[in-house]
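# Close look at the chain arrangement
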Amino acid sequence: MHLRCYSCPNEQRYIVRILFIVPIYAFDSWLSLLFFTNDQYYVYFGTVRDCYEALVIYNFLSLCYEYLGGESSIMSEIRGKPIESSCMYGTCCLWGKTYSIGFLRFCKQATLQFCVVKPLMAVSTVVLQAFGKYRDGDFDVTSGYLYVAIVYNLSVSLALYALFLFYFATRDLLSPYSPVLKFFMVKSVIFLSFWQGMLLAILEKCGAIPKIHSARVSVGEGTVAAGYQDFIICVEMFFAALALRHAFTYKVYADKRLDAQGRCAPMKSISSSLKETMNPHDIVQDAIHNFSPAYQQYTQQSTLEPGPAWRGGAHSLSRSHSLSGARDNEKTLLLSSDDEF
């Protein structure tokens, strides 16, 4: 429905990418169960799932940026304000500091690093598996599982910490968009699946999950634990689909997509909308921008337009993609990262 009512591409491209986590997780887990008796196939399927979850965290942060009109608009609201000390949001160590462009850069870099680290860990898992140096739940120092888990934990914790910091700084600005529900859903789908896997690995290590051995098939404890994980994910994705449908509703975009007769766009428009959504050009450009040395001085352009009174009558700003290609109210700010975060 988002693809049919594709009236705000700058926001909906991120929403569609986030929503794709349900079919990708579910289909991937289902394939793993189909090839359950093979000790290696599930690792390859899990690699696809792991890589996509990194993109989900990045796209959620980018969606929040779009809700607020881009980097320049955010900085015009929060720059120079003191960072409130809070143990709950992990800002107790930032007492006395103020928000700067360096703060936004840290939030983006912290999420982008996960988009790099997670695929690298996934590929490392496949390589270690091929050489017999990886087995789920094996915490031995000679096994690659321990080190992959440590690196992954550090990387995902840093990415989620950056999301916490960003929400803490902009929670008042984001309030019309129900950010808590959206953040909770994204965080729960990704983190819950990971900690389920860790719990099953610990249970396997304690001997609570036995291996399957018969005349026809022999499956190790690690594969059995992974099978439980895949089955649980298949069940959870049904409930995740219902919750995400509510959290990222398409109805706020539907009215913009109606034609003169009050009908939605024809089905043929879905393919073009999907093609634009899956184009990774914006991710690559954002990574180059945030990690480039030229970030010290740059000009950020945002196209802002007053949004409708969505969600309780709140007046919001959103970047729009006009059908005629016209741009309204261009706003250019010179932002400097000389201020340290």
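So, a few notes on the structure that sits alongside this text. (Residues numbered from 1 in each chain as written. Predicted model: local features only at pLDDT ≥ 70, side-chain atom pairs only at ≥ 80, totals over all residues. Heavy atoms only, no water.)

## As for the pattern of salt bridges
Rule in force here: One speaks of a salt bridge when a side-chain nitrogen belonging to Lys or Arg is within 4 Å of a carboxyl oxygen belonging to Asp or Glu. We count a stretch as a helix when DSSP gives it H or I for four or more residues in a row; a strand needs E for two or more, and each element gets its number in order from the N terminus. Residue burial is assigned from relative accessible area. The probe radius is 1.4 Å, only protein chains are included, and a residue is buried under 20% of its type maximum, exposed over 50%, and partly exposed in between.
Throughout the structure, instances matching the rule amount to four salt bridges. Its salt-bridge partner being D28, residue R49 comes within 3.9 Å of it at the nearest N-O pair. Pair noted here: R49 is in helix α3 (residues 41-67) and D28 is in helix α2 (residues 21-34), with a separation of 21 residues, a long-range link. D28 shares its class with R49; the two are buried. Linking E84 and R171 is a salt bridge whose minimum nitrogen-to-oxygen distance equals 3.4 Å. Residue E84 is found in the loop between α4 (71-78) and α5 (101-130), and its partner R171 is found in helix α6 (residues 144-174); the two are separated by 87 residues along the sequence. By relative accessible area, which is 26% here, R171 ends up partly exposed. Via salt bridges that share partners, D28, R49 and D230 belong to a single interconnected network.

## Focus: the packing of aromatic side chains
Our working rule: Two aromatic rings, drawn from Phe, Tyr or Trp (for Trp, its six-membered ring), form a pair once their centres lie within 6.5 Å of each other, and the interplanar angle then sorts them: stacked below 30 degrees, edge-to-face above 60, tilted otherwise.
If you walk through the whole model with that rule in mind, you get 10 aromatic pairs. With a centroid separation of 4.2 Å and an interplanar angle of 10°, the aromatic rings of Y67 and Y177 are classed as stacked. Here Y67, found in helix α3, pairs with Y177, found in the loop between α6 and α7 (179-205); they are 110 residues apart in sequence, far enough to count as distant. Accessibility assignment for this pair places Y67 and Y177 in one class, buried. Taking 5.1 Å as the distance between ring centres and 65° as the angle between the ring planes, the aromatic pair formed by F164 and F183 counts as edge-to-face.

## Quick look at the layout of surface pockets
For the record, the criterion: Put simply, the grid is 1 Å and covers the protein atoms alone, a cavity is a trapped set of points that fit a 1.4 Å probe, a pocket is an open set with protein on both sides within 12 Å along at least five of seven lines, and lining residues have an atom within 4 Å of a point. Grid points are joined across faces, edges and corners, and a volume is the space filled by probe spheres set on the points. Classification convention: Asp, Glu, Lys, Arg as charged; Ala, Val, Leu, Ile, Met, Phe, Trp, Tyr, Cys, Pro as nonpolar; all other residues, Gly among them, as polar.
Space inside the second largest pocket adds up to approximately 350 Å³. For the lining of the second largest pocket, the secondary-structure elements that each account for two or more residues are α1 (9-19), α2 and α8 (221-247). Among the elements that take part in the lining of the second largest pocket, α8 stands out by supplying three residues, more than any other. In the lining of the second largest pocket, the residues fall into 12 nonpolar, two polar and two charged.

## Notes on the packing of α4 against α6
Applied cut-off: Working convention: axes come from line fits to C-alpha atoms, limited for helices to the stretch in contact. Angles between N-to-C directions cover 0 to 180 degrees. Angular relationships are summarised with four words: roughly parallel below 35 degrees, roughly antiparallel beyond 145, roughly perpendicular across 65 to 115, and oblique for the angles in between. Contacts: residue pairs with any heavy atoms within 4.5 Å of one another.
One can describe the packing of α4 onto α6 by two numbers: an axis separation of 11 Å at closest approach and a directional angle of 85°. Relative to α6, α4 is oriented roughly perpendicular. Here I74, E77 and I78 of α4 lie close against α6, whose contacting residues are F166, A169, T170 and L173. Partitioning the contact of α4 with α6 into residue classes produces five nonpolar, one polar and one charged.

## A look at empty space enclosed by the protein
Within this structure, the stated rule accounts for three cavities of 30 Å³ or more. Counted as a void, the largest cavity has a volume near 640 Å³. Lining the largest cavity are 32 residues; nearest its centre among them are R49, D50, Y134, D136 and Y145. Where the lining of the largest cavity is concerned, the elements lending two or more residues are α3, α5, α6, α7 and α8. In terms of residue count, α7 provides more of the lining of the largest cavity than any other element does, eight residues in total. For the lining of the largest cavity, the per-class residue count stands at 18 nonpolar, seven polar and seven charged. Here the second largest cavity defines a volume of roughly 60 Å³.

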